[in-house]
Amino acid sequence: MSNVRSKIMGVGYYVPPRVVTNDDLVKLYGIDTSDEWIQQRTGIQQRHYVDPGVTNADLAVEASKKALDAAGVKKEEIDFILYATLSPDHEFPGTSCFFQAKFGIPGVPAMDIRNQCTGFLYLLSMANALVRTGQYKRILVIGSEVHSRGLDLSTQGRDVAVLFGDAAGAAVVGPCAPGDQSEILSVHLHADGEHAKDLWLEAPGCAFHPFRLPKDALETRSIYPQMNGKTVFLNAVRRMPEVVLEALKHHNLKMSEVDLVVPHQANLRINEAVAKFLSVPEEKFFNTIQRFGNTTAATIPIGLSEAAAQGKLKKGMLVAMPAFGSGFTWGAALVRW
Ligand code: UT7
């Protein structure tokens with residue numbers, strides 16, 4: 001067994017320039033909602049949407065440039081691309097392949113996963129394991145989403161549509177130099193497929209017969225994400241604290257030893273409940289949902305980048321990163337920054 005340890009060498013993110021406020025959702029799309037309802041229930045003030053012609057892979061290219069800069073790594077050094085998205089540019093091949101060509105690193109292996117809001121953590125777990133074996137040395141971990149083109153931006157879809165925004169986040173994962181205290185300590189992952197249909201996008205899919213895109217997909221709205229919001233909420237507030245405590249127990253650490261929590265951002269009210277359950281003071285719980293909405297797999301690298309830029313995330317800190325989402329999938333990473 002190799003004794004290589006692994007760390008996050010640098011993070012970066014990118015959001016498209018177009019800001020869509022809560023009032024814009026009413027004005028531009030005619031959705032029967034209000035800034036007051038959205039802020040009260042979710043904390044979201046605005047999100048970003050791509051302009052025509054911009055793809056999921058385009059967002060990832062910009063985020064990756066920033067992550068590489070922060071890590072001090074050249075793109076030629078990247079030896080694996082791991083890509084999480086639920087809003088791929090095309091059904092196949094994976095968006096990681098389109099990204100690889102745009103980013104200009106031919107020959108580098110490229111892999112997509114579909115683990116929604118927990119996607120970044122699933123990839124971090126893989127990257128951590130692959131670096132520790134010594135097989136890869138500079139892994140580019142990406143979470144990128146173009147939600148705006150998949151949402152039902154009408155009153156019928158308002159419960160889901162108001163929540164999500166477009167963005168990409170990226171991290172470079174590599175080995176620790178001797179004496180470097182920074183480290184991915186561990187990532188703890190879970191799933192419960194019994195809840196798969198509580199937050200899902202049904203069509204297109206090969207479960208349909210005889211053709212994967214049913215003729216009535218628009219009328220039945222099976223082409224839009226559907227959510228059982230209350231069930232998602234209740235499970236999120238239970239699972240996120242649970243998995244943070246599991247991670248801490250694994251290392252015989254206490255919650256009071258955690259310097260910063262950088263959680264997934266599904267709903268500010270979920271995070272407030274998680275913070276309360278874990279007795280984490282507000283200043284140790286880093287939220288970004290107000291400006292970006294829920295950006296699924298991009299969310300945690302956005303949080304890490306913003307926290308670092310604001311001077312709230314410093315070298316040597318113990319950082320916990322919990323996430324929960326569709327699947328249901330959930331998990332938590334514990335990192336020495
Ligand atoms: O990563 C995981 C992603 N998803 C989540 O984490 C979401 C978790 N769930 C939630 O955050 C909440 O369930 C929501 C914020 C989505 C909804 O809050 P809620 O308190 O569960 O609302 P509700 O679905 O029970 O709806 C309450 C009312 C309904 O009207 P009636 O039936 O009481 O007349 C809805 O039609 O609010 C209405 N409503 C809205 N009104 C204005 C639902 N969405 C909206 C909206 N604007 N956007």
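Residues numbered from 1 in each chain as written. Predicted model: local features only at pLDDT ≥ 70, side-chain atom pairs only at ≥ 80, totals over all residues. Heavy atoms only, no water.

Participant: Before we move on, could you go through the overall build of the protein chain and cite the residues and values that matter?
Facilitator: Helix and strand counts for the protein chain stand at eleven helices and 13 strands. Taking 337 residues into account, the globule formula puts the C-alpha radius of gyration at 20 Å, and the protein chain, at 19 Å, falls close to it. Here the C-alpha coordinates of the protein chain stretch approximately 60 × 45 × 35 Å along the principal axes. Expressed as a percentage of the 337 residues in the protein chain, the buried residues total 53%. Of the contacts formed within the protein chain by residues at least 6 apart in sequence, a portion of 78% connects residues at least 24 apart. Surface exposure of the protein chain reaches about 14900 Å², of which carbon and sulfur atoms provide 54%. For the protein chain, the separation between the mean place of its 34 positive charges and that of its 35 negative charges on side chains is 5 Å. (Helix = DSSP H or I, 4+ residues; strand = E, 2+ residues; numbered from the N terminus. Rg over C-alpha atoms; globule rule 2.2 N^0.38 Å. Buried < 20%, exposed > 50% of the residue type's maximum accessible area, 1.4 Å probe, protein only. Contact = heavy atoms within 4.5 Å. Areas by Shrake-Rupley, 256 points an atom, 1.4 Å probe, with all protein chains shown as cover. Lys, Arg positive; Asp, Glu negative; His and termini not counted. Charge placed at Lys NZ, Arg CZ, Asp CG, Glu CD.)

Participant: Quick one: what's the story with helix H9 (residues 268-278), residue by residue and with numbers?
Facilitator: Quick reminder: α-helices carry 3.6 residues per turn. Residues three or four places apart thus point the same way. Taken together, the buried positions of H9 are occupied by Leu268, Ile270, Asn271, Val274, Ala275 and Leu278. In an axial view of H9, the angular spread of the buried residues amounts to 155°, which keeps them on one side of the axis. The exposed residues of H9 that point more than 90 degrees off its buried face are Lys276 and Phe277. On the buried face of H9, the contacting elements are helix H2 (35-42), helix H8 (229-250) and helix H10 (289-292). Between the side-chain oxygen of the N-cap and the backbone nitrogen of arginine 269 there are 2.7 Å, and the N-cap of H9 in question is asparagine 267. (Arc of directions from axis to C-beta. Polar contact = N/O pair within 3.5 Å; in protein donor to acceptor, adjacent residues only side chain to side chain.)

Participant: Describe the site of the ligand, with residues and values.
Facilitator: The full set close to the ligand counts 21 residues, and Thr33, Arg41, Arg158, Lys230 and Asn267 are the nearest of them. Interatomic distance of 3.4 Å between a side-chain N/O atom of tryptophan 37 and a nitrogen atom of the ligand. Contacts to the ligand include asparagine 267, whose side-chain N or O atom sits 2.6 Å from an oxygen atom. Against a free-state accessible area of 950 Å², the protein chains account for coverage of 71% of the ligand. Taken together, the elements giving at least two residues each to the shell around the ligand come down to H2, helix H6 (158-161) and H8. It is H8 that provides the largest number of residues to the shell around the ligand, a total of four residues. Split by residue class, the shell around the ligand holds ten nonpolar, six polar and five charged. Shared between two domains, the shell around the ligand takes at least three residues from each, and those domains are domain 1 (6-175) and domain 2 (183-196 + 226-336). (Near = heavy atom within 4 Å. Nonpolar A, V, L, I, M, F, W, Y, C, P; charged D, E, K, R; others polar. Domains from an automatic or database assignment.)

Participant: Pulling in residues and values, what's your account of the domain arrangement of the protein chain?
Facilitator: With domains assigned, the protein chain is organised as domain 1 (6-175) and domain 2 (183-196 + 226-336). Each of domain 1 and domain 2 was reduced to a C-alpha centroid, and the two centroids are 17 Å apart. Tallying the contact residues gives 45 residues for domain 1 and 41 residues for domain 2. For the domain 1 and domain 2 pair, buried surface summed over both sides reaches about 3300 Å², with 63% attributable to carbon and sulfur atoms. In terms of surface lost to domain 2, no three residues of domain 1 exceed Tyr13, Cys117 and Leu121, which account for 20% of the buried area on that side. Counting across the domain 1 and domain 2 interface gives one salt bridge. (Buried area = accessible area lost by both parts, 1.4 Å probe. Salt bridge = Lys/Arg side-chain N within 4 Å of Asp/Glu carboxyl O.)

Participant: Run through the sheet that holds strand S5 (residues 110-113), naming residues and quoting values.
Facilitator: Spatial ordering of the open sheet is given by S1-S7-S6-S4-S5, a layout of five strands whose pairing is mixed. Taken across any chain shown, the strands that pair with only one partner, and hence form the sheet edges, are strand S1 (6-14) and S5. For this sheet the average axis-to-axis angle between neighbouring strands, irrespective of direction, equals 20°. Taken together, the seven bridges between strand S6 (residues 139-145) and strand S7 (residues 167-175) define a ladder with antiparallel strand orientation. Bridge pairing links valine 141 to alanine 171 in S7. Sheet contacts for helix H5 (residues 119-132): S1, strand S4 (80-84), S5, S6 and S7; angle to S4, the most-contacted strand, approximately 160°. Against the sheet, helix H11 (residues 299-309) makes contact with S1 and S7, and its axis sits at roughly 90° relative to S1, the strand it touches most. (Pairing = 2+ DSSP bridges. Axes fitted to C-alpha atoms, helices over the stretch in contact; angles between N-to-C directions.)

Participant: Lay out the sheet that holds strand S11 (residues 260-261) in plain terms, naming residues and giving numbers.
Facilitator: Pairing is mixed in the open sheet, where four strands are placed in the order S8-S13-S12-S11. If you trace the sheet from one side to the other, it starts and ends with strand S8 (183-191) and S11, each paired once. Looking at chain direction, strand S12 (residues 318-325) and strand S13 (residues 329-336) are connected through eight bridges and run antiparallel. When the bridges of S13 are listed, methionine 321 appears paired with alanine 333. Along the sheet, H8 contacts S8, S12 and S13; its crossing angle with S12, the most-contacted strand, is approximately 145°. Packing against the sheet, H11 makes contact with S11 and S12, and its axis sits at approximately 150° to S12.

Participant: Tell me about unusual backbone geometry, and please be specific about residues and values.
Facilitator: Cis geometry marks the peptide bond from phenylalanine 92 to proline 93; its omega dihedral reads 0°. Secondary-structure assignment places proline 93 in the loop between S4 and helix H4 (95-103). In this chain, alanine 203 is followed by proline 204 through a cis amide linkage whose omega measures 0°. As for its placement among the helices and strands, proline 204 is situated in the loop between strand S9 (199-200) and helix H7 (217-220). Non-glycine residue glutamine 116 carries a positive phi angle of around 50°. With a relative accessible area of 14%, glutamine 116 lands in the buried category.

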